[in-house]
Amino acid sequence: METTEITVLEDIELDNPIFIEALPGLGHVGKLAADHMIDELGATKFAEIYSPTFPPQVIVKDEGIIENMRNELYYLRDVGEDNLDLIILVGNTQALSPEGQYLVCKDILEFVKGYGIDRIYTLGGMVTGQPTESPRVFGAATCEENIELLREAEIEIRANDGGIVGASGLFLGLATRQQIQGSCLMGETPGYFIDAEAAEAILNKLTMLLNFEINVDKLEERAEETRQMIAKAQQMEQDLINKANAGNADDLRYIG
């Protein structure tokens, strides 16, 4: 394998679908949101993508079964009140190198263009370094018209604070060169654990933008588990601080 290999599993026809990218990234925020959409709305996989730029490994799953490093494309028809068709890109990896990112993203974009995509949404995380009680969603877009749509959905506009690294940024950049409009939604996340709460936040904004509804109970359950884990870790940290302070106080009394 020398180039991107796209294996079509089902021949489909779609009506000007919207392309949604959600490959693994910070906090797995976008991936969690898209995986939830696929499960809840019953999306169908129609293509698998392999590349020599993916990590040279496999993932060992339950019972010792391996899974190849790959990306996958799913489709949905007639979603929401506007009867939208969607193509969703998910997977277990991104390309390792900058050159690989450009090659894979370019090849995938050329492939989905064949189905008539006219808009792109990329989903990801924005690192805060520490947990937040209610993750905000930030956005960026390819044009002022899309920025206004983000503002109407009460998405905070990210400006003058760095770039969007990886597939989420690159797909938008490549799309502008082909007159395809798009936006990126980024949920606040510490970045060091799988963040279901941030995933729920961006999914809520995406459903608002695309005018459809989805049950997020399973994401909320996972988010609550994450909150409990964080609270437990914070309590353990505080207990250690209190213990250390108590020890210091004992030392001072002894000296005095």
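To be clear, the structure that these remarks concern was listed above.
What you see is a predicted model; the values in this text were computed from it and never measured.

## Looking at the packing of helix α1 (residues 29-41) against helix α5 (residues 196-210)
1) Next: As a packed pair, α1 and α5 sit with axes 8 Å apart at the nearest point and diverge in direction by 60°. One element, α1, and the other, α5, form an angle in the oblique class. Relative to α5, α1 is oriented so that their crossing is right-handed. Contact with α1, carried on its side by Val-29, Gly-30, Leu-32, Ala-33, His-36 and Met-37, involves Ala-196, Ala-198, Ala-199, Ile-202, Leu-203 and Leu-206 of α5 and no other residues of that element.
2) Next: Residues that form the contact of α1 with α5 fall into these classes: ten nonpolar, two polar and no charged.

## Considering a negative patch on the surface
1) Next: On the surface, Asp-39, Glu-40, Asp-217, Glu-221 and Glu-225 cluster together into a patch of negative charge.
2) Next: Of all the secondary-structure elements, those providing two or more residues to the negative patch are α1 and α6 (217-255).
3) Next: Among the elements that line the negative patch, the one with the most residues is α6, at three residues.
4) Next: In this fold, Asp-39 is placed in helix α1.

## Thoughts on a nonpolar patch on the surface
1) Next: Together, Val-58, Val-60 and Ile-66 make up an exposed nonpolar region whose accessible area comes to about 260 Å².
2) Next: Tracing the sequence through the fold places Val-60 in strand β4 (residues 58-60).

## Comments concerning the pairing of strand β6 (residues 71-79)
1) Next: With seven of its nine residues buried, β6 lies for the most part within the structure.
2) Next: As judged from the seven bridges shared by β6 and strand β7 (residues 84-91), these two strands associate in the antiparallel manner. Looking at β7, one finds that Tyr-74 is bridged to Ile-88.
3) Next: Counting the residues in the hairpin turn of β6 and β7 gives four residues, including Gly-80, whose phi is positive at 70°.

## What about the pairing of strand β3 (residues 44-50)?
1) Next: Along β3, five of the seven residues are buried, which leaves the element largely enclosed by surrounding structure.
2) Next: As paired strands, strand β1 (residues 5-8) and β3 are joined by four bridges and run antiparallel to one another. Looking at β3, one finds that Glu-5 is bridged to Tyr-50.
3) Next: Pairing geometry for β3 and β6, over five bridges, is antiparallel. Looking at β6, one finds that Glu-48 is bridged to Glu-72.

## Focus: the pattern of salt bridges
Side-chain pairs of opposite charge can arise where the charged atoms are in close proximity.
1) Next: Within the structure shown, the criterion is met by eleven salt bridges.
2) Next: With a shortest N-O distance of 3.6 Å, Glu-144 and Arg-151 are connected by a salt bridge.
3) Next: Because the salt bridges share partners, they merge into one network encompassing Lys-45, Glu-48, Arg-70 and Glu-72.

## What about unusual backbone geometry?
1) Next: Of note, Asn-16 is a non-glycine position whose phi angle comes to about 40°, a positive value.
2) Next: Inspection of the secondary structure assignment puts Asn-16 in the loop between β1 and β2 (18-21).
3) Next: The exposure class assigned to Asn-16 is partly exposed, which follows from its relative accessible area of 45%.
4) Next: Phi at Glu-154 takes a positive value of approximately 60°, unusual for a residue other than glycine.
5) Next: In this fold, Glu-154 is placed in the loop between α3 (144-152) and β10 (156-157).

Cut-off values and rules
- Residues numbered from 1 in each chain as written.
- Predicted model: local features only at pLDDT ≥ 70, side-chain atom pairs only at ≥ 80, totals over all residues.
- Heavy atoms only, no water.
- Axes fitted to C-alpha atoms, helices over the stretch in contact; angles between N-to-C directions.
- Helix = DSSP H or I, 4+ residues; strand = E, 2+ residues; numbered from the N terminus.
- Parallel < 35°, antiparallel > 145°, perpendicular 65-115°, else oblique.
- Left-handed = near helix turned anticlockwise from the far one by under 90°.
- Contact = heavy atoms within 4.5 Å.
- Nonpolar A, V, L, I, M, F, W, Y, C, P; charged D, E, K, R; others polar.
- Patch = residues over 30% accessible without salt bridge, like charges linked within 9 Å, V, L, I, M, F, W, Y side chains within 5 Å.
- Areas by Shrake-Rupley, 256 points an atom, 1.4 Å probe, with all protein chains shown as cover.
- Salt bridge = Lys/Arg side-chain N within 4 Å of Asp/Glu carboxyl O.
- Lys, Arg positive; Asp, Glu negative; His and termini not counted.
- Charge placed at Lys NZ, Arg CZ, Asp CG, Glu CD.
- Buried < 20%, exposed > 50% of the residue type's maximum accessible area, 1.4 Å probe, protein only.
- Pairing = 2+ DSSP bridges.

Keep in mind these numbers describe shape, not what the thing actually does.
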